[in-house]
Amino acid sequence: MEHVLSPTTLTELRRPRPYPAVSVLTPTHRREPDKAQDPVRLRNVVAAAKKQLESDPAVTRELRLDVVGQLEQALAEVDLAHAEDGLAIFAAPGEHQVWSLARTVPERVVLSDTFLTRNLVAAQAAERPFWVLTVSADRISLWSGGGEHVVESEAAGFPLTRSLDDPDAERKERVGDLPSTFRDERTRHFLRDGDTLLASVLRGDPRPVYVTGEQAALSLLDEVGTATKDAVHIAHGGLAHAGADAVRQVVGPLVTAEDRKSADTVARELETAKGRRAFAAGVDEVWQNATAGRVRLLAVEENYRVTVRDDGGDHLVPADSDDLDARDEIVEQCLDTGAQVRFVLDGTLGNAEGIAGVLRY
């Protein structure tokens, strides 16, 4: 199952497909007793998708067999033992994907010529993705983090490795010219290469960066690099050769602290926006501004959820649970127009009813 949504992956998911492109969403659970219902619920929603395919006159028998086969393959790949809060299955002629989400989603089956990505996008934004660069003299690794996940990434050619053996070491030692590891020119080039690769990753997928390593490694990286200048530095060696659990344990407290600082910054920006009349609050008002591309910063409370529909004009009205999920729709719309999206603790937004925005004009 997939967890990490990069801009490149999202672009690929959003491209038009031959009809029918099937999106199947269902909530899942991390723990018992609720977890016990997940297998039955998943089978039922996939069966509902197959039934829609069978009853759709626009779907030929050949296409139906193809997409049903893709759904069955996707179902076989689902790992409910490690389920999070939601699941998305995408299937179209010749392809399928399974996504595990750290936020709950409404149960839904949609047949279209594109996949339904808004819940996926909202879940990714809520996880507040970040990068971790773990540095040592012989290995530089990149980790993709978000929510409770830290996964090693092979983006841009990571990890970088090299041998510490110096073929000229004996001669240098005899003449007293053997530098320490982090004063060696080869090490400088190695760390500079790692910084260059990180810069290429950030151009395609900008996120906060955390860098870990011995203090000597961090100091040298500061000296030779540019991409890590604004990163949070963590003086902790050994993680370049460690596993995901060790990286997460070291970086986790720093990520939590940065999230708190970010939430405080959001609160201040919202207050300032009120004073200059660049503030929107509530789902209807935020929706109107989001569709016009006016939202610069969107703040959403963690567990805020409202189901609405377009009234055919310029407003949203309450709706049944199988209609538009406004929160995720607004999140995707705002990200598409270059806005920042921040999820904050419940109750943070006060009278704004769970969702608020800072406007560009």
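Here is what the cut-offs are and how they apply
The residue numbering used here restarts from 1 in each chain and proceeds along that chain's sequence as written. pLDDT decides what is reported in this predicted model: residues at 70 or higher carry local features, side-chain atom pairs at 80 or more are listed and counted, and totals for whole chains, interfaces and linings draw on all residues regardless. Side-chain descriptors were evaluated using all non-hydrogen atoms of the structure, hydrogens and water having been removed beforehand. Secondary structure is summarised from DSSP: a helix means a run of H or I of at least four residues, a strand means a run of E of at least two, and numbering begins at the N terminus for each. Each residue is placed in one exposure class: buried if its accessible area under a 1.4 Å probe, protein chains only, is under 20% of its type's maximum, exposed if it is over 50%, and partly exposed if it falls in between. By definition, residues are in contact when any of their heavy atoms lie within 4.5 Å. Residue-level confidence of the predictor is summarised by pLDDT, bounded by 0 at the bottom and 100 at the top. Paired strands, in this sense, are two strands between which DSSP finds at least two bridges. What counts as an axis is a line fitted to C-alpha atoms, over the stretch in contact for a helix, and the angles between N-to-C directions run from 0 to 180 degrees. Both cavities and pockets are sets of points on a 1 Å grid over the protein atoms alone; in a cavity a 1.4 Å probe fits but cannot get out, in a pocket the set is open with protein on both sides within 12 Å along at least five of seven lines, and lining residues sit with an atom within 4 Å of a point. Grid points are joined across faces, edges and corners, and a volume is the space filled by probe spheres set on the points. Each residue gets one of three labels, nonpolar for Ala, Val, Leu, Ile, Met, Phe, Trp, Tyr, Cys and Pro, charged for Asp, Glu, Lys and Arg, and polar for the others, Gly among them.

Caption draft 1: The overall build of the chain, seen in detail. Across its full length, the chain carries ten helices and 16 strands. Structurally, the chain occupies a C-alpha span of about 85 × 60 × 40 Å along its principal axes. Within the chain, buried positions represent 46% of all 361 residues. Restricting to contacts in the chain with at least 6 residues of sequence separation, those with at least 24 account for 67%.

Caption draft 2: Examining the confidence of the model for the chain more closely. Put simply, the chain has an average pLDDT of 90, and 92% of its residues get 70 or more. For residues 169-179, every residue scores under 50 in pLDDT, and the model assigns this stretch six contacts once sequence neighbours within four places are set aside.

Caption draft 3: Spotlight on the sheet that holds strand 4 (residues 108-112). Read across the sheet, four strands follow the order 3-2-1-4 without closing on themselves; strand pairing throughout is antiparallel. Each edge of the open sheet is held by one strand with a lone partner, namely strand 3 (95-101) and strand 4. Across the sheet, the mean angle separating the axes of adjacent strands is 10° when strand polarity is ignored. Two strands pair when backbone bridges link them, and strand 1 (residues 21-27) and strand 4 are joined in this way by five bridges, in the antiparallel orientation. The residue bridging Val 24 from the neighbouring strand is Val 109, located in strand 4. Of the strands in this sheet, strand 1, strand 2 (86-92) and strand 4 are in contact with helix 2 (residues 38-55), which crosses strand 1 at around 155°.

Caption draft 4: Just the layout of surface pockets, in detail. In this model, the largest pocket occupies a volume close to 1000 Å³. Pro 129, Pro 206, Arg 207, Pro 208 and Arg 342 are the residues nearest the centre of the largest pocket, which is lined by 36 residues in total. Breaking the lining of the largest pocket down by element, the ones donating at least two residues are helix 1 (7-14), helix 4 (118-126), strand 9 (209-213), helix 8 (244-275), helix 10 (326-336) and strand 15 (340-344). In the lining of the largest pocket, the residues fall into 21 nonpolar, five polar and ten charged. Size it by volume and the second largest pocket reaches roughly 660 Å³. If you go around the second largest pocket, you meet 32 residues; those closest to its centre are Ala 126, Glu 127, Arg 128, Asp 259 and Glu 302. Among the elements of the structure, helix 4, strand 7 (149-153), helix 8 and strand 15 are those that each provide at least two residues to the lining of the second largest pocket.

Caption draft 5: Representation of empty space enclosed by the protein in the model. Counted according to the given criterion, the structure contains two cavities of 30 Å³ or more. Put simply, the largest cavity is a space of about 70 Å³. As for the largest cavity, its lining consists of His 3, Val 4, Gln 124, Glu 127, Pro 129, Ser 144, Gly 145, Gly 146, His 149 and Arg 207. A total of three residues in the lining of the largest cavity trace back to one element, the largest contributor, which is strand 6 (residues 139-146). Classifying every residue of the lining of the largest cavity by side-chain character gives two nonpolar, six polar and two charged. Put simply, the second largest cavity is a space of about 60 Å³. As for the second largest cavity, its lining consists of His 3, Leu 5, Glu 84, Trp 99, Ser 100, Leu 101, Ala 102, Leu 120, Ala 123, Gln 124, Glu 127 and His 149. Classifying every residue of the lining of the second largest cavity gives six nonpolar, four polar and two charged.

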